[in-house]
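Now for the letters of each chain:
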Amino acid sequence: MTTPASDLDWGEVPTGTFWPQPDTLVLLKRDLRPDADRTKLSCFADTVWDLNAAIFEDHYRATSLNFDLIPAALRLATKHYCWLLLNHGRLWAPPGAKRTRISVTTVHVLFVNELQFIIDWLAQRGITAFCQVTNELLDAFVDAILDEEDPLTGTSRTLTEIRRLWGHREILPPAMRLPQAPPWAGEDTAEILGTGSTARRENRTPRIAEPTMQMLLSWAVRFLEVFADPILAARDEHAELYRRTPEGRRFTATQNRNRNRPGDLLPKVHAYLDNLRQQGGSLPGSQTPDGRRVIRWRYIALILDCADSIKDTGTGRLIAESGLPIGDQALLNTKFPLPSGEGPWHQDITYEVSP
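Owing to the predicted nature of the structure, the values given are computational and were not obtained by experimental measurement. (Residues numbered from 1 in each chain as written. Predicted model: local features only at pLDDT ≥ 70, side-chain atom pairs only at ≥ 80, totals over all residues. Heavy atoms only, no water.)

Draft legend 1. Highlighting helix α6 (residues 210-243). Of all the bends in α6, the largest measures some 70° and sits at Phe227, one to four residues before the proline Pro230. When α6 is considered as a whole, its buried residues turn out to be Arg222, Phe227, Ala228, Pro230, Ala234, Ala239 and Leu241. Turning to α6, the residues buried within the fold contact α9 (297-304). (Bend = angle between axes of the 7 residues up to and from the residue. Helix = DSSP H or I, 4+ residues; strand = E, 2+ residues; numbered from the N terminus. Buried < 20%, exposed > 50% of the residue type's maximum accessible area, 1.4 Å probe, protein only. Contact = heavy atoms within 4.5 Å.)

Draft legend 2. Main features of the packing of helix α2 (residues 104-124) against helix α3 (residues 135-147). Put simply, α2 and α3 touch, their axes get as near as 12 Å, and they point 115° apart. Taken as a pair, α2 and α3 cross one another with a handedness that is right-handed. Where α2 approaches α3, its residues Phe117, Ile118, Trp121 and Leu122 are matched on the opposing element by Leu137, Ala140, Phe141, Ala144 and Ile145. Taken together, the residues of the contact of α2 with α3 break down into 9 nonpolar, no polar and no charged. (Axes fitted to C-alpha atoms, helices over the stretch in contact; angles between N-to-C directions. Left-handed = near helix turned anticlockwise from the far one by under 90°. Nonpolar A, V, L, I, M, F, W, Y, C, P; charged D, E, K, R; others polar.)

Draft legend 3. A look at the nonpolar core. The biggest cluster of nonpolar side chains holds 57 residues, and the ones touching the most others in it are Trp49, Leu51, Leu65, Leu122, Phe130, Leu159 and Met176. Counting residues per element, this core draws most heavily on α2, which supplies 9 residues. Sequence-distant contacts of Met176, that is, excluding residues within four places in its chain, are made with Trp10, Trp19, Ala77, His80, Tyr81 and Phe130. Counting 15 residues, the second largest nonpolar core, distinct from the first, contains Val269, Ala301, Leu304 and Leu324. (Core = buried A, V, L, I, M, F, W, Y, C linked by side-chain atoms within 4.5 Å.)

Draft legend 4. Quick look at α9. Counting buried positions over the 8 residues of α9 gives 7, a clear majority of the element. Within α9, burial applies to Trp297, Arg298, Tyr299, Ile300, Ala301, Leu302 and Leu304. Tucked into the core, α9 has its buried residues touching α6, α7 (246-249), α8 (265-279), β4 (293-295) and α10 (314-320).

Draft legend 5. Examining the side chain of Arg33 more closely. Checked against the element boundaries, Arg33 lands in the segment before β1 (48-50). A polar atom in the side chain of Arg33 sits 3.0 Å from the backbone oxygen of Ile55. (Polar contact = N/O pair within 3.5 Å; in protein donor to acceptor, adjacent residues only side chain to side chain.)

Draft legend 6. Structural view of a nonpolar patch on the surface. A cluster of nonpolar side chains, namely Met215, Trp219, Phe223 and Ile231, defines an oily patch on the protein surface of about 370 Å² accessible area. As for its placement among the helices and strands, Ile231 is situated in helix α6. (Patch = residues over 30% accessible without salt bridge, like charges linked within 9 Å, V, L, I, M, F, W, Y side chains within 5 Å. Areas by Shrake-Rupley, 256 points an atom, 1.4 Å probe, with all protein chains shown as cover. Salt bridge = Lys/Arg side-chain N within 4 Å of Asp/Glu carboxyl O.)

Draft legend 7. Spotlight on the packing of aromatic side chains. In total, this model carries 9 aromatic pairs according to the counting rule given. Considering the side-chain rings of Trp121 and Phe141, the 5.0 Å spacing of their centres and the 85° angle between planes classify their relative orientation as edge-to-face. Here Phe141 lies in helix α3 and Trp121 lies in helix α2, a separation of 20 residues in the sequence. Judged by its relative accessible area of 1%, Phe141 falls in the buried class. (Phe/Tyr/Trp six-rings, centres within 6.5 Å; stacked < 30°, edge-to-face > 60°.)

Here it is in structure tokens:
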């Protein structure tokens, strides 16, 4: 049956298309993780959609769609489109790809990397409904992104997302449909971007000068031979600290693993303080608007793998009264060794964490 669209004058919604209401679940037709809290699932009316309950990869970072980033005039239409990408069964796919529902993580990636850019560009040109887009405007869009000399791979994905929106005309109401004629007269993306044998546009990017390429190659080798090990070590340290956060623990089956047993924490605190003294370091901190420096207890809790409430315990007083200075940022333990006589370089790497 045809579903009525009551929130705006969308026109008749095609038969077989379910039109979500404000209280409709965002992940209505998605499989959910066994540990997902069904009482906290996002609804269509929410400004930010939490997608984590339908992401089964434990290593994947916290993921959401923030519609505050979409221009107001096109926000509701974009929400309906993203909801259909997440839940509808009959979806368009690029040539050569399987016509199956795309993954939740793919919806997030295309929303962040391509869809926001497309919607912003349209809104800047006065578009308030997808049905106002013309083929001439889509031609202007191609010219605009080529003039900006974006990487061709990113530009190709952007054009694919416009084709995807057009390809869903059959499940969208009239107000959300792009023109009936295929974008760019159905011309292949490779031909449009100048990568095909009969390209209509030449590559207008100036050739990079040889001295510049030599310097880039030199620094690429430098990163591999000098900086790769500390970069990878910093990445591993950052990942381990993230796994200890409440957000990181949500995606692990053993949520409370590595918490300290009775008697384990105090020796770790002494070792941590002794290490700071030996290195001439300072306690992680931040500066308040009135100029005071305060300890970032959450970061200390991540380092020691304990609860934030450590600041209210005798162990926390031991840290606060250690005599160590309080810094103005939280630093990773990994350092970048600098060759003699070189600099200035950032030897310390900050870890962004709330106080």
